[in-house]
Amino acid sequence: MALVPLENYIFFLAQFQTFGYVLVYATVLMVQNYRKSLHPKAWEIPRKFRGTLLAIGFVEAVSSLLSFIGAARLPGVMIPLLSQTILLWQVVLLYTVLRKSMSGLQLLGVGAVVSGVGLAAWPARGQGSSLWTNIDPKFAMIYIFSCLFPALDTLLKDRLFRKGRTMQNGKDVDLFIVNTFGSASQALFVFLLFPFVTMSRGIPLDGIGEHLSMGWECFRGITPSCGSDCGGAPILPVLYVLINLLFNVSALNLIQKAGNIALSLVMSGVVPLTMWAFTLPWPLLGAPPSLGLNFILGTMLLTIGLLIYNSPLWIPKLKEAWDAKQP
């Protein structure tokens, strides 16, 4: 819903989001520093890994801008479906960059996810159209391509965490150190990429000033001279960023308390809930698409695929819990 009023001014939403991240993460980091709960070498991480943090900011900025561009022209229910293509990018990077292989079980999970996405979008018998009807393939491809960058982001952060753990004598790198400086880099690159985004939308360089002025008006809920309907701003964009921040902080807290296993299982459960949410009649989004049996079956298959893909994380824990209960 936040993209509806700001469809033509995604720069403002992207920058407002990243600056919100920086503010919240930096505040938490300062509180931790005041309480002296940080590792003595924690502040050496941004200095020694500034190149990696800049790379993290760049890929997050590109991902944010491309995903906003694609999502603004897609039905809401398609977004969580297409987001699962990140698994395909992870497989590609695993084999091409890391030169590693996956287990047969994980490949089966990826196949189930891809099949689930295809089945969910396929028209059911007697239903004349599918979720792909009236969708510009260009924006679907932009959104799918944007999922490459979170996969790269995961690799970069994993590398930073591993090297930082070694530098801190086995102690994990503080998450808010990475997210504060990573989000600051992201804000920088979103700003630097702005001229390329505007030119790609047919706005010349000498028209950027006027575009910024109209975007600021739209962000405040004032209809600019271009005639864009900015109804819902600034309340919807602010709510979007606040909810996103709460979600990210909750995810970080879950990682700290229960680890990546619990997070991966929770995220697997969020996917069908997100798809179901987009079938409800939300304001500004128009009538929800008609979804048949194929969508339900495809969503179930997709969720099962995510559980299979993450099985190397949670199956060993189940075995440990089972063995612990045995006499």
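Above this text you will find the structure in question.
Because the structure is predicted, anything quoted here is derived from the model rather than measured.

Engineer: Can you break down the overall build of the protein residue by residue, with the values?
Structural biologist: Looking only at helices and strands, one finds 14 helices and zero strands in the protein. Secondary structure of the protein in N-to-C order comes out as α-α-α-α-α-α-α-α-α-α-α-α-α-α. Within the protein, the fraction of its 327 residues that count as buried is 43%. Considering only intrachain contacts with a sequence separation of at least 6, the fraction spanning at least 24 residues in the protein is 78%.

Engineer: Please provide a residue-by-residue account of the packing of helix H3 (residues 50-71) against helix H8 (residues 148-167), values included.
Structural biologist: In the contact formed by H3 and H8, the axes pass within 9 Å of each other and the chain directions differ by 160 degrees. Judged on the interaxial angle alone, H8 and H3 are roughly antiparallel. Handedness of the crossing formed by H3 with H8: left-handed. When H3 is examined against H8, the residues Thr52, Leu53, Ala55, Ile56, Val59, Glu60, Val62, Ser63 and Leu66 are found in contact with a partner set consisting of Phe149, Pro150, Leu152, Asp153, Leu156, Lys157, Arg159 and Leu160. For the contact of H3 with H8, the residue count by class is eleven nonpolar, two polar and four charged.

Engineer: Give me the packing of helix H1 (residues 10-34) against helix H10 (residues 208-219): which residues, what numbers.
Structural biologist: Running from N to C, H1 and H10 point in directions that differ by 65 degrees, and their axes come no closer than 9 Å. Comparing the axis directions of H1 and H10 gives the class roughly perpendicular. Judged by the sense of rotation from one axis to the other, the crossing of H1 with H10 is right-handed. Here Phe11, Phe12 and Phe16 of H1 come into contact with H10, specifically with Leu212, Gly215, Trp216 and Phe219. Partitioned by chemical class, the residues of the contact of H1 with H10 number six nonpolar, one polar and no charged.

Engineer: Any chance you could break down unusual backbone geometry for me, citing the residues and the numbers?
Structural biologist: As a rule of thumb, non-glycine residues mostly have phi less than zero, and peptide bonds are mostly trans rather than cis. If you check the backbone angles, lysine 36 has positive phi at about 60 degrees while not being a glycine. As for its position among the elements, lysine 36 is in the loop between H1 and helix H2 (44-48). Its identity as a non-glycine residue notwithstanding, asparagine 169 has a phi of 55 degrees, on the positive side. Classification of asparagine 169 by relative accessible area gives exposed; the value is 66%.

Engineer: Would you mind going over the packing of aromatic side chains in detail, with residue names and values included?
Structural biologist: All chains considered together, the criterion is met by eight aromatic pairs. Taking 6.4 Å as the distance between ring centres and 80 degrees as the angle between the ring planes, the aromatic pair formed by tryptophan 43 and phenylalanine 181 counts as edge-to-face. Of this pair, tryptophan 43 sits in the loop between H1 and H2 while phenylalanine 181 sits in helix H9 (residues 175-200); the two residues are 138 residues apart in sequence, bridging distant segments of the chain. Among the aromatic residues, ring-to-ring pairing joins Tyr21, Tyr25 and Phe176 into one connected group.

Engineer: Please provide a residue-by-residue account of H8, values included.
Structural biologist: Between the first and last C-alpha of H8 there are 29 Å, a value that for 20 residues agrees with the 28 Å anticipated at 1.5 Å per step. Just downstream of H8, asparagine 169 is the residue with a positive phi angle, here 55 degrees.

Engineer: Any chance you could break down the pattern of salt bridges for me, citing the residues and the numbers?
Structural biologist: Tallying each qualifying case throughout the model produces four salt bridges. A salt bridge links glutamate 60 to lysine 157; its shortest N-O distance comes to 3.1 Å. Taken together, the residues span a long stretch of sequence, with glutamate 60 in helix H3 and lysine 157 in helix H8 at a distance of 97 residues. Overall, glutamate 60 belongs to the buried group, its relative accessible area being 15%. Lysine 157 gets classed as buried once you look at its relative accessible area, which sits at 18%. Across the salt bridge formed by lysine 157 and aspartate 153, the nearest N and O atoms sit 3.6 Å from each other. Linking lysine 157 with aspartate 153, this pair stays in helix H8, spanning four residues, or about one helical turn. Each member of the pair, lysine 157 as well as aspartate 153, carries the same accessibility label: buried. Taken together, the shared-partner salt bridges in this structure form one network comprising Glu60, Asp153 and Lys157.

Rules and cut-offs
- Residues numbered from 1 in each chain as written.
- Predicted model: local features only at pLDDT ≥ 70, side-chain atom pairs only at ≥ 80, totals over all residues.
- Heavy atoms only, no water.
- Helix = DSSP H or I, 4+ residues; strand = E, 2+ residues; numbered from the N terminus.
- Buried < 20%, exposed > 50% of the residue type's maximum accessible area, 1.4 Å probe, protein only.
- Contact = heavy atoms within 4.5 Å.
- Axes fitted to C-alpha atoms, helices over the stretch in contact; angles between N-to-C directions.
- Parallel < 35°, antiparallel > 145°, perpendicular 65-115°, else oblique.
- Left-handed = near helix turned anticlockwise from the far one by under 90°.
- Nonpolar A, V, L, I, M, F, W, Y, C, P; charged D, E, K, R; others polar.
- Phe/Tyr/Trp six-rings, centres within 6.5 Å; stacked < 30°, edge-to-face > 60°.
- Expected span 1.5 Å × (residues − 1).
- Salt bridge = Lys/Arg side-chain N within 4 Å of Asp/Glu carboxyl O.

These figures capture arrangement, not role.
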